[in-house]
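The chain contents come next:
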Amino acid sequence: MVKKLHCLLVLLAFCAVYGQHPIYTQFSEKDDLPDIEFYNMTEDSKGFIWLAADKGFYRYDGNQFKLYTNKEKRGFSVFEPKEDHIGRVWCCNISGQYFYAEDDKLTMFIDLSQEIRWQLGSFLVTKKHLLVFASQVVYKISLETKKIEQRIKLTDGLLGNPYQYEDEIFITTNNSILVLDLELNILKKITSEAIHNDLENRSLGRTIINGYKGKTYLKFTDQKNESNLYLFDVNTGQYDKVELEEELRKSHLVTFDFYNDEMLLSTSTGLWLYTVQPDGKIVYKNKYFDNEYASRVIVDKSENYWLTTLRNGVFVIPNINNYSFDFPKEIKDIKCIEKINETTFFFGSANGKAGFYKMKTNSIEWIPLKDKTAVTAALYDKNEQILYISQQNSAVIYDLQTKTHTQNAVFINSRSISYLKKNTFFFTNYRGAIKINNGKEVSRIGTLRAYLGFHDTISKKSYVSYVDDLIKYDIDFNEKKIRYKGKRINATGITKTANGIVWVSTFKDGIYGIKNDSIIANYTEENGLISNSTHKIKGDNNELWIVTNKGIQLFDIETETFKTLTKRDGISTYLISGIIPFKNNVVFATNNGVFSIDRKTVFNKTVKPEIYFTGIQINEKDTLLQDKYELPHYQNAIKISFNSNGFRSKEHIRYYSRLLGFNDDWIAVDEGIDFVKYNSLPVGNYTFQVKAASSSLAGESEITAIKIAIKSPFWKRTWFITSMVIASLLLVIFYYKNILKKREKQKNKEFEKLEQERELVFLKLENLRSQMNPHFIFNALNSIQEYIILNKKNLASDYLGKFADLIRTYLNHSNKGVISLQDEIDCLEMYLELEKLRFEDKLNYSIKIDNEVDSEAISIPTMLIQPYVENALKHGLLHKKDNRELSITLETSQENDTITCTIEDNGIGREKALAIKQKKDKMHQSFGTQATQDRLDLLNYGKEKQIGVSIEDLHDHTTQQANGTKVIITIPITKIKNN
């Protein structure tokens, strides 16, 4: 007997009872929580959470808290937020002011400070009235006129807080319970001796009435300062006391609410949960948030539990069925966990604490480890009931049957321990992978640093993740490297599912599925993972639990679908060190303790996200929200903001947008971004659409849209363009008519001037010709005179005959401005024959005409070439005694459509001829040369293609003495027109 008692005492010494608490998130300054003292809250029909706090009235939209205030508001604190039938959210303050929030601003409805004398009056809002319940009087105020229509005194004592159920209002007086209609008419008065005594003898403070499924409850505080709860029947007047836990009775019961057959009681000692029975009686279920002064609890559309407190801000429980295990304060960082059975798991901490957590009793059976270094790995052999525990500096083999353990120095500082067979396993650490049998090292599998190992008990294959590769070993530990498309695999976790596939998580490449030593699947962000950085993985029949740096996912291998848990679901950290799937729940070990999620309810949130527009900026200026915008072309920089309400919506909501009229494809908005900006929209009609997709099973929201029309500038519109075209045409017509008129006038003037100039030029040419012909005749007669004086009668006679022919030809040409090239050549032939006679046959001349020159079809000015030939004879060859040579060449140039006439002599040159001339007659000036140049200027006047003349002096190449002159005349080809 004494021995049994001793064993019991030892067992009690090593066991301790702890508890569980729902996984929650506490808003803090990091979340921009504006206050820590909150009195009440409500969720409106749009999903906004409204909070009445010591520092003001706040709205939470899923991402931030926004303050609503009014310049007429006295003080900061507000109370009793509630929504009316048209979506306005009301509140009041202790100064007797009543406000409502609408169109994103807080409006004061009425100030009753003079009526209720600075008391906090509870209120209800009906479709027609604001009903304010002061200490004894009820005020009925018209919503339309803001006038007090009635003041009704219901009691000489203190009225309780009103409770509205459909079209009836329940309220307590100092001795009864009244049922009123919405016009404040008394429908029923419920009283009894018990009710009278309780209400008459209650302490200061208002009573609270609330109902659930046809049952009505009354709460009040008695004179002992204890909380009392009664269940009463409106029809029969039955009035029964509800038994509460002693701690709850002695607490201040602030208020109570109902959800899903549970009564939620907000008290000065935390949140109490009772199960509501069909008969209205309640049974204690649990208590959370010990020592927190809870002021109100609500459950939002997504089944998040919101708790406000008077001293410590706001708490949110995303899923009340997911909970964390209470451990001693000194134990937080859990390094490993190992499943023992369906109700018990082993845990080991960073400070050397280890034990068995029994989930049924929430108790811990401690294992007294001598070494206080971190527990790094554990393996449970359920057949032998032996637990292998590895620490940084030690190792322990623990016998669960005898509760005894032995130290071991072989498998210390293990990263993983994998079961092979009875009393045989292998472990991994910085020395590699090592096989152990009966606590002793048998062989070394690998020598490189190994991260973790895994053994498939069915296929007898083992897998080890080394620092640089993933290697598979067969039953004889022959190795094979597992790679994907030649790429090394750096594994962070290895597990197996029921279908025989081995799964590997990696640092940055997602997860791989391995079968028959080959990669058969790779899942990344592109096909379902929320992150390629995966830290832990655990098989659960044909599902996989995957831990990433952005959340925890459950992957269904058969349907290839992912379900996701994030911090929005209460996951406080993603630093997961171990995963154990149980029948009803899954346990996760973290650096901040151990938590459990309920399999049935963890993914049940199917409320579709609702998206709405929060603002629009046009050219970086805030603009009133509308369904449609018509904007000028210069107001085309548009930023559209949107949001989806709900607890930390940014962590599980991804937005997708498109601009119909520009691009019909949905484009994912960057994570954490809740706006889309278009810097310069072109002219056109657009519809901006946006939708929200939840990473949970809630799916996608409905599409929300805004229409935007960017109008073209007026100068690009049809009416303006048409007007401009017509005006332009008229202007063009007017302009060209004016231009044509001016040109016609100018043309006439120019024509007249041209006629005058042509007439003048013609007269000048005629005058020159009339002067040049006598000049030639004068020279010819001089020659004949010279023959006669020299008594050369035959020469004179012959000369005179040819001279007569030449004169006759000149007379025929004298009234013509132009003649054919052939006529000019014929005249030159006759002239040169005369000159040859004069030179007594001591003159050799030649006229060469290119075959390409059609001399009959080309016209040139009369006597154009003759003066230059005459100058060559008179000034060049005359002073030479013999060997006089003169050549005339006519060639055509197809490139510039001209005829080149070259007159070349071998006379004495221009320089000697000038000297002789100056000696002979200093007073005489050559008329022919000047007349020729003047005539040439007149012929070229006003013409595009002009006659060109160039004169070159010829020199002997040896002596460099002048030996002739070359004249080059360039004549534009002018065809003779046929009459």
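Residues numbered from 1 in each chain as written. Predicted model: local features only at pLDDT ≥ 70, side-chain atom pairs only at ≥ 80, totals over all residues. Heavy atoms only, no water.

**Quick notes on the overall build of the protein chain**
Broken down by element type, the protein chain carries 10 helices and 75 strands. On C-alpha atoms alone, the protein chain measures out to a radius of gyration of 59 Å, which is more than a quarter above the 30 Å that the 2.2 N^0.38 rule sets for 979 residues. Projected onto its principal axes, the C-alpha positions of the protein chain cover 190 × 95 × 45 Å. When burial is assessed residue by residue, the protein chain has 49% of its 979 residues classed as buried. Nonlocal contacts in the protein chain, meaning residues at least 24 apart in sequence, comprise 49% of its contacts between residues at least 6 apart. On the protein chain, roughly 50300 Å² of surface is accessible, and the fraction owed to carbon and sulfur atoms is 49%. (Helix = DSSP H or I, 4+ residues; strand = E, 2+ residues; numbered from the N terminus. Rg over C-alpha atoms; globule rule 2.2 N^0.38 Å. Buried < 20%, exposed > 50% of the residue type's maximum accessible area, 1.4 Å probe, protein only. Contact = heavy atoms within 4.5 Å. Areas by Shrake-Rupley, 256 points an atom, 1.4 Å probe, with all protein chains shown as cover.)

**Some points on the packing of aromatic side chains**
One pass over the full model with this rule turns up 53 aromatic pairs. Ring geometry for Phe613 versus Phe688: centroids 6.1 Å apart, planes at 50 degrees, classification tilted. Highlighted residues: Phe613 in strand 59 (residues 611-618) and Phe688 in strand 66 (residues 684-694), separated in sequence by 75 residues. With relative accessibility at 0%, the residue Phe688 sits in the buried group. An aromatic cluster is defined as three or more aromatic residues linked by ring pairs; in this entry it consists of Tyr323, Phe325, Phe327, Phe345, Phe347, Tyr357 and Trp366. Seen from the ring of Tyr100, Arg88 lies directly overhead, with NZ or CZ sitting 4.6 Å from the centre. The ring centre of Trp666 lies 4.3 Å from the NZ or CZ of Lys691, which sits over that ring. (Phe/Tyr/Trp six-rings, centres within 6.5 Å; stacked < 30°, edge-to-face > 60°. Lys NZ or Arg CZ within 6 Å of the ring centre and 35° of its normal.)

**Details of the packing of helix 6 (residues 793-813) against helix 7 (residues 821-838)**
Axis separation between helix 6 and helix 7 bottoms out at 10 Å; the angle between their running directions is 155 degrees. One element, helix 6, and the other, helix 7, form an angle in the roughly antiparallel class. The element helix 6 and its partner helix 7 pack so that their crossing is left-handed. Residues Asp798, Tyr799, Lys802, Phe803, Asp805, Leu806, Thr809, Tyr810 and His813 of helix 6 touch helix 7, and the partners they reach there are Asp823, Cys827, Met830, Tyr831, Glu833, Leu834, Leu837 and Arg838. Grouping the amino acids of the contact of helix 6 with helix 7 by side-chain chemistry returns nine nonpolar, two polar and six charged. (Axes fitted to C-alpha atoms, helices over the stretch in contact; angles between N-to-C directions. Parallel < 35°, antiparallel > 145°, perpendicular 65-115°, else oblique. Left-handed = near helix turned anticlockwise from the far one by under 90°. Nonpolar A, V, L, I, M, F, W, Y, C, P; charged D, E, K, R; others polar.)

**A closer look at the nonpolar core**
Val869, Leu873, Leu886 and Ile903 are the most contacted members of the largest nonpolar core, which totals 43 residues. With eight residues, helix 7 is the largest single contributor of residues to this core. Setting aside anything within four residues of it in sequence, one finds Leu886 in contact with Leu832, Leu843, Asn844, Tyr845, Ser846, Val869, Ala872, Leu873, Leu877, Ile903, Glu904 and Asp905. In this structure, Ile611, Val669, Tyr678 and Ile708 belong to the second largest nonpolar core, which totals 23 residues. (Core = buried A, V, L, I, M, F, W, Y, C linked by side-chain atoms within 4.5 Å.)

**Comments concerning unusual backbone geometry**
Even without being glycine, Asp103 reaches a positive phi, approximately 55 degrees. Looking at the element boundaries, Asp103 is found in the loop between strand 10 (97-102) and strand 11 (105-111). Phi at Leu184 takes a positive value of approximately 75 degrees, unusual for a residue other than glycine. Inspection of the secondary structure puts Leu184 in the loop between strand 18 (177-181) and strand 19 (186-190).

**Looking at the domain arrangement of the protein chain**
As far as domains go, the protein chain holds domain 1 (327-598), domain 2 (611-716) and domain 3 (845-975). Placing a centre on the C-alpha atoms of domain 1 and another on those of domain 2 gives a separation of 46 Å. When domain 1 packs against domain 2, the two sides together hide about 680 Å² of surface, and 51% of this comes from carbon and sulfur. When the buried area of domain 1 at its contact with domain 2 is split by residue, Thr564, Lys567 and Arg568 rank highest and sum to 65% of it. Counting across the interface, domain 1 meets domain 2 through one salt bridge. The closest approach of N and O atoms between Glu671 and Lys550, which form a salt bridge, is 3.8 Å. Here domain 1 is connected to domain 2 by zero residue pairs in polar contact (both at pLDDT 80 or more). Residues that form the side of domain 1 that touches domain 2 fall into these classes: no nonpolar, two polar and four charged. (Domains from an automatic or database assignment. Buried area = accessible area lost by both parts, 1.4 Å probe. Salt bridge = Lys/Arg side-chain N within 4 Å of Asp/Glu carboxyl O. Polar contact = N/O pair within 3.5 Å; in protein donor to acceptor, adjacent residues only side chain to side chain.)

**A few points about the sheet that holds strand 67 (residues 704-710)**
Taken in spatial order, the five strands line up as 61-67-66-63-64 in an open sheet, and their pairing is mixed. Edge strands, defined here as strands with exactly one partner in the open sheet, are strand 61 (628-631) and strand 64 (663-668). Along the sheet, successive strands turn relative to each other by an average axial angle of 20 degrees, direction set aside. Taken together, the four bridges between strand 61 and strand 67 define a ladder with parallel strand orientation. Paired with Lys628 across the bridge in strand 67 is Lys707. (Pairing = 2+ DSSP bridges.)

**Notes on the UniProt feature "transmembrane region" (unreviewed entry) in the protein chain**
This chain's UniProt record puts "transmembrane region" (unreviewed entry) on residues 718-736. End-to-end, the C-alpha atoms of residues 718-736 are 26 Å apart, and along that stretch the chain is 100% helix and 0% strand. (UniProt positions renumbered as here; feature names shortened; annotations may be inferred.)

**Examining the environment of Trp715**
Structurally, the position occupied by Trp715 is in the loop between strand 67 and helix 5 (718-789). Judged by its relative accessible area of 42%, Trp715 falls in the partly exposed class. Through-space distance from the C-alpha of Trp715 to that of Asp399 is 92 Å; in sequence the pair is 316 residues apart. If we ignore the near neighbours within four places in the chain, the residues touching Trp715 are His633, Phe720 and Ile721.

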